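These are the residues of each chain, in order.
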Amino acid sequence: MVKEKKEKKTGRIPLWAKIILGILLGIIALFVIAMVVIWIISPDLFMFIITFVIPNLPKLLTANNMKAAWIVFTSSNDAIVEQIEVNQQNKSETLGVSPEVLEAIESGKYTAEEIAIILDTKGEAIAEIDAAKLAASEKIDEDIENADGVDDIMSELSSEVIAAIESGRYTEDEIALIIESKGDALAQIDAEKEQKEQTKPPIEPAVDAQKPAPDESQTVHSGNGGESANVNITTPPAVQQPQTAPEHATPVTPTQPATPDVPPVTEGNNQQTPTEIAPQPVPAVNVGEIVNKHVAKLYILKNRFVSELASLEKKIKTQYSSLPKDQRVPTSRKEIAKQYISFVSSLELECDAEVDGILADLKAELTKAGGDVAIVDTVRSQYEEEKSLKKAYYLDVYMNGLPASERADTKEKQNTPDAE
């Protein structure tokens, strides 16, 4: 009897397995009920979940994507746009610049170095940078116009005149005169150059006043005191000058060579007092410049990826607009957008990796300089917030189309079924 009871007992399903199985069945039942309710309330939302959410569930199960989905299902498009504006205001306060300066930074007109200068000066350098860019642009236009004019004139010159211009014998002013006269001034310029060469005074060799010239009347004796070398040295009396030693010159002897001022080395018990050398001042590290330099890199990165997304958005709109009028329905728009989901996901991963690298460099430099690294977490938080809001905005557009305030084409608004 005991053995039979044990066999029956061991054949039962454990209690913990029953609990897990019950939980799983409950989740499945809730999911089915939820999908039925969604299908009754909004067939479009039901199709969106079936065709988009479930196939891409592994990519969507991230904190940022879940937050974006929550924003979409709890906020209207106008509310999402308002949240984006609030996030922009928070960013401008963090950087200490006005919203107008932040808008200029995000315009894509400036390099990383220029953005860093704009942040350092709180936007005051924008006018100067813009003026320099305008002047450079005008100079380029002027050079292009001048170059066009020169090309026209050069085409009228003979090959001999062009060869003379390219010979390197003439200055810029002379070349300009030759071109302006179409080569007629070449003979006159050559004649003037030849006349200058003929009238140029001869170059006399410089006479070293400190070194006596050769004099045939002098004889140099050898140092051995015996024989003399028959070398005559002639020195003009007017050039011969006595050599005097400098007033403050310190003679250097073999036993006391001149050495640079260095602290003496201590040998044995003979200790010498080293010469005190004043410590060189350590340049102060500007923590603000470090932050602005890396924030500028982030905005260059943002402008690049936003530009790619804008190009993709334009491409999707072009594909949709090229469809026949009767095919411009929400389903077609969603089918076109779904083709680029993988591309957008790869862009996001690439952007995240580059942002992580820039923020890691910022944290390392701030730590080395003894600065506060809290700004790194602040910047990262604002980046994630902006990304989730942008995702929510585009997800809402994907599901509901552009909001009425952003529809530029009134005709499409009236004739397109998904424009309502």
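None of these values were measured; they are calculated from a predicted model.

Undergrad: Tell me what's going on with the overall build of the protein chain, and back it up with residues and numbers.
TA: Each helix and strand in the protein chain was counted, giving 17 helices and 2 strands. Expressed as a percentage of the 420 residues in the protein chain, the buried residues total 24%. Contacts in the protein chain between residues at least 24 apart in sequence constitute 54% of all its contacts with a sequence separation of at least 6.

Undergrad: Tell me about the packing of helix α11 (residues 172-180) against helix α12 (residues 186-199), and name the residues and values.
TA: Between α11 and α12, the least distance of the axes is 9 Å, while the angle of their chain directions is 150°. With respect to their mutual orientation, α11 and α12 come out roughly antiparallel. When α11 is examined against α12, the residues Glu174, Leu177 and Ile178 are found in contact with a partner set consisting of Leu186, Ile189 and Lys193. Each residue belonging to the contact of α11 with α12 can be placed in one class, and the counts come to 4 nonpolar, no polar and 2 charged.

Undergrad: Can you explain the packing of helix α14 (residues 330-338) against helix α16 (residues 374-400)? Please cite residues and give values.
TA: Between α14 and α16, the shortest axis-to-axis distance is 8 Å and the interhelical angle comes to 140°. Considering the angle they form, α14 stands oblique to α16. Each of Arg333, Lys334, Ala337 and Lys338 in α14 lies in contact with α16, whose residues at this interface are Val397, Tyr398, Met399 and Asn400. Classifying every residue of the contact of α14 with α16 by side-chain character gives 4 nonpolar, 1 polar and 3 charged.

Undergrad: For the confidence of the model for the protein chain, give the residues involved together with the corresponding values.
TA: Summing up the model confidence of the protein chain, the mean pLDDT is 74 and the portion of residues at 70 or higher is 65%. Considering only residues more than four positions removed or in separate chains, one finds that residues 265-269, a stretch of pLDDT under 50, has 1 contact.

Undergrad: Talk me through the environment of Ile165; I want residue IDs and the actual numbers.
TA: Counting through the fold element by element, Ile165 comes out in helix α10 (residues 159-165). Note on Ile165: relative accessible area 11%, which makes it buried. Taking the C-alpha atoms as reference, Ile165 lies 8.7 Å from Ile179; in sequence the two are 14 residues apart.

Undergrad: Explain the pattern of salt bridges residue by residue, including any values.
TA: Scanning all chains against the criterion turns up 13 salt bridges. As a salt-bridge pair, Glu106 and Lys302 come within 2.8 Å of each other at their nearest N and O atoms. Taken together, the residues Glu106 in the loop between α7 (99-105) and α8 (112-120) and Lys302 in helix α13 (residues 287-321) connect sequence positions 196 residues apart. A relative accessible area of 19% means that Lys302 is categorised as buried. It is possible to trace a salt-bridge network through shared partners that takes in Glu348, Asp352, Glu384, Lys387 and Lys391.

Undergrad: Kindly report on the side chain of Glu386, identifying the contributing residues and their values.
TA: Mapped onto the secondary structure, Glu386 falls in helix α16. Sequence-distant contacts of Glu386, defined by excluding residues within four places in its chain, comprise Asn87, Gln88, Lys91 and Lys302.

Undergrad: Got a sec to walk through unusual backbone geometry? Specific residues and values, please.
TA: Phi is positive for Lys122, which is not a glycine, with a value near 60°. If you trace the backbone, Lys122 turns up in the loop between α8 and α9 (126-154).

Undergrad: Kindly report on the environment of Ala296, identifying the contributing residues and their values.
TA: Tracing the backbone shows Ala296 in helix α13. What makes Ala296 buried here is its relative accessible area of 0%. Taking the C-alpha atoms as reference points, Ala296 and Ile117, separated by 179 residues in sequence, lie 9.1 Å from one another. Beyond its immediate stretch of four places on either side in the chain, Ala296 contacts Ala112, Ile115, Ala116 and Leu119.

Definitions and limits used
- Residues numbered from 1 in each chain as written.
- Predicted model: local features only at pLDDT ≥ 70, side-chain atom pairs only at ≥ 80, totals over all residues.
- Heavy atoms only, no water.
- Helix = DSSP H or I, 4+ residues; strand = E, 2+ residues; numbered from the N terminus.
- Buried < 20%, exposed > 50% of the residue type's maximum accessible area, 1.4 Å probe, protein only.
- Contact = heavy atoms within 4.5 Å.
- Axes fitted to C-alpha atoms, helices over the stretch in contact; angles between N-to-C directions.
- Parallel < 35°, antiparallel > 145°, perpendicular 65-115°, else oblique.
- Nonpolar A, V, L, I, M, F, W, Y, C, P; charged D, E, K, R; others polar.
- pLDDT = per-residue confidence, 0-100.
- Salt bridge = Lys/Arg side-chain N within 4 Å of Asp/Glu carboxyl O.

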